[in-house]
Amino acid sequence: MYTLYYAPGAASLVVHWLLLELDVPFEARRLDVDAREHKQPAYLALNPAGVIPTLLVDGKPVVETGAIVALLAARHPDKALMPSAADERYPAFLQAMFRISNGLQPPFRHWFYPQDITDESGTDTVKQKVRAQIEGEWDRWSTWIGSSAGGYLLGGQVSAVDFYLTMVMRWSRNMPRPATDWAPLAEFAQRMKARPSFAELYRREGLTEWS
Ligand SMILES: N[C@@H](CCC(=O)N[C@@H](CS)C(=O)NCC(=O)O)C(=O)O
């Protein structure tokens, strides 16, 4: 049994989406971010960094979005959301996983929370630098998707990394150059958003932007 601690639109979104896509039973517990529920002892006992998401798997907490995404895909092989280690697409799957968690999530964290690494006077400089970093990432992801034969990161079949990338692309929607400024990424987003699980996710999280 799964229990997801989430906040609408946060990094928990991909986990929520995958749980719906996998069509498995789960409980979703919404965190009150304004009340800083994610910084309270009860939540810190599950997720010591006090960040979202946390997934309880049979009562045991699992943290780190990328780890949760890979774990869910691995636990439900019948849904074919990740290739096996013997599959020729497996290296690409791992590269996408690590590039999203290492190359994309950290600059977004700095975009949304520049105060993590600078004071007020450095905010503009940090945001300018991470904006350039993120746009460089979109160049590379756009090339990847644009040269994929089937329109998904691993070719013609959707996999867990496509959901993960889509979530991070969504975070760019109010940036000066959102990911959808890159045509191959815009087409990819349309494809992902057409999934029935996406509409259900939006309904459950009460989201409207970028629909
Ligand atoms: N590396 C962590 C980062 C998660 C993260 O930064 N989550 C954000 C929401 S998107 C968060 O918890 N923000 C609230 C805060 O840090 O106070 C992961 O991938 O799980």
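For the structure itself, look to the data block above.
Residues numbered from 1 in each chain as written. Predicted model: local features only at pLDDT ≥ 70, side-chain atom pairs only at ≥ 80, totals over all residues. Heavy atoms only, no water.

(A) Spotlight on the overall build of the protein. Within the protein one finds eight helices and four strands. Listing each helix as α and each strand as β along the protein from the N terminus yields β-α-β-α-β-β-α-α-α-α-α-α. In summary, the protein has a C-alpha radius of gyration of 17 Å against a globular reference of 17 Å for 211 residues, a match within 12%. C-alpha extents for the protein along the principal axes are approximately 45 × 45 × 30 Å. Put simply, the protein has 211 residues, and 48% of those count as buried. Residue pairs at least 24 apart in sequence account for 65% of intrachain contacts in the protein once pairs closer than 6 positions are excluded. Surface exposure of the protein reaches about 10200 Å², of which carbon and sulfur atoms provide 51%. (Helix = DSSP H or I, 4+ residues; strand = E, 2+ residues; numbered from the N terminus. Rg over C-alpha atoms; globule rule 2.2 N^0.38 Å. Buried < 20%, exposed > 50% of the residue type's maximum accessible area, 1.4 Å probe, protein only. Contact = heavy atoms within 4.5 Å. Areas by Shrake-Rupley, 256 points an atom, 1.4 Å probe, with all protein chains shown as cover.)

(B) Region of interest: the packing of aromatic side chains. According to the stated counting rule, one finds eight aromatic pairs in the structure shown. For the ring pair Phe198 and Tyr202, a centre distance of 4.5 Å and an interplane angle of 35° mean the geometry is tilted. Taken together, the residues span about one helical turn, with Phe198 and Tyr202 both in helix H8 (residues 196-205) at a distance of four residues. Each of the two residues, Phe198 as well as Tyr202, counts as buried. (Phe/Tyr/Trp six-rings, centres within 6.5 Å; stacked < 30°, edge-to-face > 60°.)

(C) Quick look at the side chain of Arg170. Mapping Arg170 onto the fold places it in helix H6 (residues 160-171). No salt bridge is formed by the buried Arg170; the nearest opposite charge belongs to Glu209, separated by 5.7 Å. Leaving out residues up to four positions away in the same chain, Arg170 has contacts with Gly9, Leu13, Tyr202, Leu207, Glu209 and Trp210. (Lys, Arg positive; Asp, Glu negative; His and termini not counted. Salt bridge = Lys/Arg side-chain N within 4 Å of Asp/Glu carboxyl O.)

(D) Expanded view of the site of the ligand. Taken together, Ala10, Ala11, His38, Lys39, Val51, Ile52, Pro53, Glu64, Thr65, Gln105, Arg109 and Tyr113 make up all the residues around the ligand. Contacts to the ligand include His38, whose side-chain N or O atom sits 3.0 Å from an oxygen atom. Here Thr65 contributes a side-chain N or O atom positioned 2.8 Å from an oxygen atom of the ligand. Counted by class, the shell around the ligand contains six nonpolar, three polar and three charged residues. Here the shell around the ligand spans two domains, and each of domain 1 (2-80 + 199-205) and domain 2 (90-195) adds at least three residues to it. (Near = heavy atom within 4 Å. Polar contact = N/O pair within 3.5 Å; in protein donor to acceptor, adjacent residues only side chain to side chain. Nonpolar A, V, L, I, M, F, W, Y, C, P; charged D, E, K, R; others polar. Domains from an automatic or database assignment.)

(E) Spotlight on the pairing of strand E1 (residues 2-6). For E1, the buried fraction is high: five of the five residues fall into the buried class. Neither face of E1 is left uncovered, since the one carrying Tyr2, Leu4 and Tyr6 and the one carrying Thr3 and Tyr5 both have all their residues buried. Bridge analysis of E1 against strand E2 (residues 26-30) gives five bridges, and the strand direction is parallel. If you follow Tyr5 over to E2, its bridge partner there is Arg29. As for the winding sense of the linkage, the β-α-β connection from E1 through helix H1 (residues 13-22) to E2 is right-handed. Pairing of E1 with strand E3 (residues 54-57), which is carried by four bridges, proceeds in the antiparallel orientation. From the neighbouring strand, Thr3 faces E3, where its bridge partner is Leu56. (Pairing = 2+ DSSP bridges. Right-handed = clockwise from strand over helix to strand, strands pointing away.)

Limitation: the analysis is restricted to geometry and does not speak to function.
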